[in-house]
Amino acid sequence: MTQMEIKSSESGITRVFHINLPPEAIERFTTQAGTGEWPLQYALGATKLRNSFVEVVNLRDLGDMPLSTYLRQGYELTGDDLKLSARELDSLTGHVLVLPSQAFDNTAQVLTIGMPLRWVGTFEEPGRSKAKIPLSAESAKGVLEGALGQAGESTGRSRLLTLIMAGLAILIIAILALVLF
């Protein structure tokens, strides 16, 4: 069994798993039942999984497009990690599971991958960090709400002052033009 840690602050990561099942068993395995039973979630060992971000790809549906190309185009993956795994990804047959970070709903958890899933790779979107580090300083807590109100008022006052100053400047220029000409 493969284990992997999902951090609550994770973003920009896409995981790919091969599903080792016959085609007729895929729908039952990947569909969440009305009772809440979801074999896919159990096979991942996930405590939280958002169905709307779970993608099961029948590789036949891609036609001539290799899986690595699909991941590059569909998930904007372009890093070296994908290039190094392209041969393995493109040799897969059957169905794969694609899970972006959003599938875990910002919930810290440890996945314990079991049959019929086999982890193929974890890929990072370039330019995105694996984890956002929350601000923990006391000075960062509770400041945003009050600051926005004050900033909005301050910005409004600044604009009003700027308009008044511009109006006065135009008035002074007009008076000077009348007196001098």
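Residues numbered from 1 in each chain as written. Predicted model: local features only at pLDDT ≥ 70, side-chain atom pairs only at ≥ 80, totals over all residues. Heavy atoms only, no water.

Visitor: What is the right way to look at the pattern of salt bridges in this model?
Guide: Pairing between side chains of opposite charge can happen when the charged atoms of each approach one another. Taken as a whole, this structure holds six salt bridges when the rule is applied. The partner of Lys-7 in a salt bridge is Glu-5, with the nearest N and O atoms 3.7 Å apart. Owing to a relative accessible area of 42%, Lys-7 belongs among the partly exposed residues under this scheme. A salt bridge links Arg-28 to Glu-37; the nearest nitrogen and oxygen atoms lie 2.4 Å apart. What makes Arg-28 partly exposed here is its relative accessible area of 48%. Using a relative accessible area of 31% as the deciding quantity, one classes Glu-37 as partly exposed. (Salt bridge = Lys/Arg side-chain N within 4 Å of Asp/Glu carboxyl O. Buried < 20%, exposed > 50% of the residue type's maximum accessible area, 1.4 Å probe, protein only.)

Visitor: Even after reading the chapter, I still don't get the packing of aromatic side chains, so can you show me in this structure?
Guide: One pair of aromatic rings is described through two measures. These are the centre distance and the angle between the planes. Under the definition given, this model contains one aromatic pair. A centroid spacing of 6.4 Å and a plane angle of 70 degrees characterise the contact between Tyr-70 and Tyr-75, whose relative ring orientation is edge-to-face. Tyr-70 gets classed as buried once you look at its relative accessible area, which sits at 18%. Here Tyr-75 falls in the buried class, since its relative accessible area comes to 16%. (Phe/Tyr/Trp six-rings, centres within 6.5 Å; stacked < 30°, edge-to-face > 60°.)

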